[in-house]
Amino acid sequence: MEAFQRYELKKDDQSNEYTLIIFADDYLAEFGEELGTIHKEKTSILAAAKKMLHDRYPNLKVKMIKVVVGGIAVTAIPFMMDPPNSAQAAGLSTTTVQTQTTSSVYYVVKSSDTLWNISQKYNSTVDQVKQANQLSSDSLNLNQKLIIPQTFHKVGTGDYLTVLAKKYNVSVAAIKEANNLTSDGTTLGQVLIIPKLITADTGTTSNSNSTPAASKNQTSKYTVVSGDSLFAIATRYGTTVDNLKNMNGLSSNNIYVGQVLTVSATDSTAGSGASQTYTVVSGDSLSLIANKYNVTVDQIKESNKLTSDIIRVGQVLTIPNGQAVDTTTSNTNLATVQKNLQTLGYYAVPATTGNPSVTAKEAIQHFQMDYLLPVTGNADEATTTAINHAIVKKALISDTNNYLGVPYVWGGTTPKGFDCSGFVSYMFNQHGVSMARNTSAGMYNTGTAIQRVNLQPGDLVFFAVNSTGTISHVGFYMGDNQFISATSSKGIAAYSMDNSYWSQYYVGAKRVY
């Protein structure tokens, strides 16, 4: 029996990409604990969709699979395929499918290509290309597909795929494709290939390691990915939330995955765009130099073909697209960090002058320990991002109290009634964090696993009520050993994590933002 009866391929006029819309039975509306188990054949719908695309439309660029139940999109899964050829596109309706020029994670070997000239063309090395493609020799075959690595990234704390995608200016789908990942989950210490994106018609790369430059009177397009918020995008491009909303005609802070936004900045966010050199002095390290010039260690290593973090006094380094950080700006940022830490209860000193103090450093260290970050006492990018996320989640958790008693509705996603995963996605979106409708089981496959002892407000807690090991319920951790969720008996309700009923079904927790 087919996993779904009807589907539609819809073209995005702005990006020339396609979304597969699946019209399914309503068994996907919610996998809540009160619904009982789900037949295994029905859970194969996404696998069937992927197989159908590979079998029938192997050359179309499908970026998203959406599942629609009763007119409601219940989930959206990023997807990546190779660029189309004209014969494939001609076989489809012109109202939904057209040929396109696009980017891929693969370079297709041409006549006379060698690993040496390919690596030189893409500013890589022979060894890196061989490592990325698990090649045991330098031999190549005509039309062989190769992944050209930007770099190899070792996953650390907080390295969600969405974070890495933003850092390296690629898509989550591209990273997953290059590493054969079937979910968004990563593990500490995992080494990921960060691919260069190859433009199909020219063979040039369409991504770079530098942060997008957006300066006065310049605009560009940005595609929203999972975990984005208007605040995060505004911060990245050096603009304001209000400016983004005005430029895109937005009446609220809600955005959705795949949405294309026009972005502009009041000042350059990535330096002048020109590289400069720096001579290493005693006491230097790559991290110190990267912080000084507002770039990343990986960018410096890539620009200088470094295979380790070791540098020597007198060594001349190329600094890509960097500029020395303005001390005034740093102090202003520190003042914001101190204010946010005070809101979170970490910083007890009333005056937030922006000048570093022992108390401020200790507050940052305490936050870093609680959120499993490297304990440096410095407000680096990872720490600042985590603090900003914690502020959003603090407001979100406070807001959940306004929904106490809202009834449980199977498949519900509005204040008229929620199911457990519908409540989670609704609250995140209400607070500017883009989250596609998903099931509790689907949510469990995202984010970073968090031990119960390390839970922080806004983390998601998961339960397997119907059968051991099968996720069927999700809620928000509120702090003080409490969680809140949509339950069939009391609607939106808060319980202790030690509650005799819920504690027996607890499986684990994830930090998804």
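None of the values given here were measured: they were computed from a predicted structure. (Residues numbered from 1 in each chain as written. Predicted model: local features only at pLDDT ≥ 70, side-chain atom pairs only at ≥ 80, totals over all residues. Heavy atoms only, no water.)

**A look at the overall build of the chain**
Then comes step 1: Tallying secondary structure elements over the chain gives 15 helices and 22 strands in all.
Then comes step 2: The buried share among the 513 residues of the chain stands at 49%.
Then comes step 3: Long-range contacts, defined as pairs at least 24 residues apart, comprise 59% of the intrachain contacts of the chain with a sequence gap of at least 6.
Then comes step 4: Working note: accessible area of the chain is about 24300 Å², and carbon and sulfur atoms make up 49% of it. (Helix = DSSP H or I, 4+ residues; strand = E, 2+ residues; numbered from the N terminus. Buried < 20%, exposed > 50% of the residue type's maximum accessible area, 1.4 Å probe, protein only. Contact = heavy atoms within 4.5 Å. Areas by Shrake-Rupley, 256 points an atom, 1.4 Å probe, with all protein chains shown as cover.)

**Section: the pattern of salt bridges**
Then comes step 1: In total, this model carries four salt bridges according to the counting rule given.
Then comes step 2: Note that Asp138 is salt-bridged to Lys130, the shortest N-O span being 3.0 Å.
Then comes step 3: Salt-bridge contacts for Asp419 lead to Arg437; the nearest nitrogen and oxygen are separated by 2.8 Å. Of this pair, Asp419 sits in the loop between β16 (417-418) and α14 (420-430) while Arg437 sits in the loop between α14 and α15 (440-444); the two residues are 18 residues apart in sequence, bridging distant segments of the chain. Each member of the pair, Asp419 together with Arg437, is buried. (Salt bridge = Lys/Arg side-chain N within 4 Å of Asp/Glu carboxyl O.)

**Considering the pairing of strand β22 (residues 506-511)**
The side chains of a regular strand alternate, residue by residue, between the two faces of the sheet.
Then comes step 1: Looking at chain direction, strand β17 (residues 448-450) and β22 are connected through three bridges and run antiparallel. When the sheet's bridge partners are listed, Thr448 is paired in β22 with Arg511.
Then comes step 2: Of the strand pairs in this sheet, strand β18 (residues 460-463) and β22 are connected by four bridges, and their pairing is antiparallel. Across the sheet, the residue bridging to Leu460 is Lys510, located in β22. (Pairing = 2+ DSSP bridges.)

**Digging into the environment of Ser171**
Then comes step 1: For Ser171, the location among the structural elements is in the loop between α5 (161-168) and α6 (172-179).
Then comes step 2: A distance of 3.0 Å separates a polar atom in the side chain of Ser171 from the backbone nitrogen of Ala174. (Polar contact = N/O pair within 3.5 Å; in protein donor to acceptor, adjacent residues only side chain to side chain.)

Shape is all these values report; function is a separate question.
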